[in-house]
Amino acid sequence: VAVPVVPPAPTQSFRGETALRAYVLVRDKALAWQPDAQLAHVTATWPEGSRRDALLQGPAWEFAFYSPGTGTAARFTVVGDEVNLLVEQPVSQPLALPAIGGWQVDSDVAVRQTLEAGGDNFLERAGATTMTASLRPDEENVRFVWFISLYGPYTNRTFNTTIDAAVGDIIAMESLPE
């Protein structure tokens, strides 16, 4: 089984673990779980009350992998250098996933793009926020995209971006309610 090539390490200005750094740690555990393991989803949530400086630090990451040969999925967490298998379960329908080689844009870049594209203004208006970053297949299952969502619990507003994980283009951006 060929192991996907991992893009170069992210910029050093980002403090903490990025998704690609965490992927390097979890990849071998996933392949030990099932040799045909394919990345299905990556997610992290920064805690409520996070301000801009906290959003630029890496969180704990959760990775979902799918094994086409066994029809099962497994979720792993990566906290620092520690990788843990959370759960393994059958999948009711086979998944068609994009190639992981299309993932070139790391989480720190996607977070910075979100902040620069309007997230900083959102933080000024909303104050403390919760942020979720998810790397997942797009609706057509042809590429991975970053979905970054900022939520202001005191204003009940969200700011979302969808970013192409291969080239870094912002595909969609929305602020709700408008």
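Undergrad: Can you help me understand the overall build of the protein chain in this one?
TA: Scanning the protein chain from N- to C-terminus turns up three helices and eight strands. Listed N to C, the secondary structure of the protein chain is α-β-α-β-β-β-α-β-β-β-β in terms of helices and strands. In the protein chain, which comprises 178 residues, the share counted as buried stands at 45%. Residue pairs at least 24 apart in sequence account for 56% of intrachain contacts in the protein chain once pairs closer than 6 positions are excluded. For the protein chain, the accessible area works out to roughly 8800 Å², and carbon and sulfur atoms hold 52% of it.

Undergrad: Please explain the side chain of Q34 as it appears in this structure.
TA: Within the secondary structure layout, Q34 lies in the loop between helix 1 (19-33) and strand 1 (38-50). Judged by its relative accessible area of 16%, Q34 is buried.

Undergrad: Before we go on, may I ask you to explain the pairing of strand 6 (residues 144-152) in this structure?
TA: As a general feature of sheets, a regular strand has side chains that alternate between the two faces. Counting buried residues along strand 6, seven of its nine residues qualify, which places the element largely inside the surrounding structure. Taking the residues that link successive antiparallel strands as the turn, the strand 5 (residues 129-137)-strand 6 hairpin has six residues, and the phi of N141 there is positive, at about 60 degrees. By the bridge criterion, eight bridges tie strand 6 to strand 7 (residues 157-164) in an arrangement that is antiparallel. By the bridge assignment, I148 is partnered in strand 7 with T161. Joining the antiparallel neighbours strand 6 and strand 7 is a turn of four residues, in which N156 adopts a positive phi near 55 degrees.

Undergrad: I tried to follow the pattern of salt bridges on my own but got confused; where do I start?
TA: Note on pairing: side chains with opposite charge can pair once their charged atoms come close. In the structure shown here, the tally under the stated rule is three salt bridges. In this structure, the salt-bridge partner of R75 is E62, at a minimum N-O distance of 3.0 Å. Placement of the pair is R75 in strand 3 (residues 72-79) and E62 in strand 2 (residues 61-67), with a sequence separation of 13 residues. Classification of R75 by relative accessible area gives partly exposed; the value is 36%. Look at E62 and you get partly exposed, because its relative accessible area is 25%. Ionic pairing is found between R143 and D164, a salt bridge with its closest N-O pair at 2.9 Å. Linking R143 in the loop between strand 5 and strand 6 with D164 in strand 7, this pair joins segments that are 21 residues apart in sequence.

Undergrad: Even after reading the chapter, I still don't get the side chain of T72, so can you show me in this structure?
TA: Turning to its location among the elements, T72 is positioned in strand 3. Polar contacts involving the side chain of T72 include one to the side chain of T70, which spans 2.6 Å. In contact with T72, other than residues within four places in its own chain, are W33, F65, Y66, S67, E88, Q89, P90 and V91.

Undergrad: Can you walk me through the environment of N84 in this structure?
TA: By the element assignment, N84 lies in strand 4 (residues 82-90). C-alpha of N84 to C-alpha of V26: the two residues are 58 residues apart in sequence and 8.5 Å apart in space. Excluding residues within four positions of it along the chain, N84 makes contact with R75, F76 and T77. Among the polar contacts made by the side chain of N84, one reaches the side chain of E82 at a distance of 3.0 Å.

Undergrad: Even after reading the chapter, I still don't get the packing of aromatic side chains, so can you show me in this structure?
TA: Note on aromatic pairs: each is described by the distance of the centres and the angle between the planes. Overall, the coordinates contain eight aromatic pairs when judged by the stated rule. Put simply, the rings of Y23, W46, W61, F63, F65, F76, W103 and W146 pair up and form one aromatic cluster.

Analysis parameters
- Residues numbered from 1 in each chain as written.
- Predicted model: local features only at pLDDT ≥ 70, side-chain atom pairs only at ≥ 80, totals over all residues.
- Heavy atoms only, no water.
- Helix = DSSP H or I, 4+ residues; strand = E, 2+ residues; numbered from the N terminus.
- Buried < 20%, exposed > 50% of the residue type's maximum accessible area, 1.4 Å probe, protein only.
- Contact = heavy atoms within 4.5 Å.
- Areas by Shrake-Rupley, 256 points an atom, 1.4 Å probe, with all protein chains shown as cover.
- Pairing = 2+ DSSP bridges.
- Salt bridge = Lys/Arg side-chain N within 4 Å of Asp/Glu carboxyl O.
- Polar contact = N/O pair within 3.5 Å; in protein donor to acceptor, adjacent residues only side chain to side chain.
- Phe/Tyr/Trp six-rings, centres within 6.5 Å; stacked < 30°, edge-to-face > 60°.

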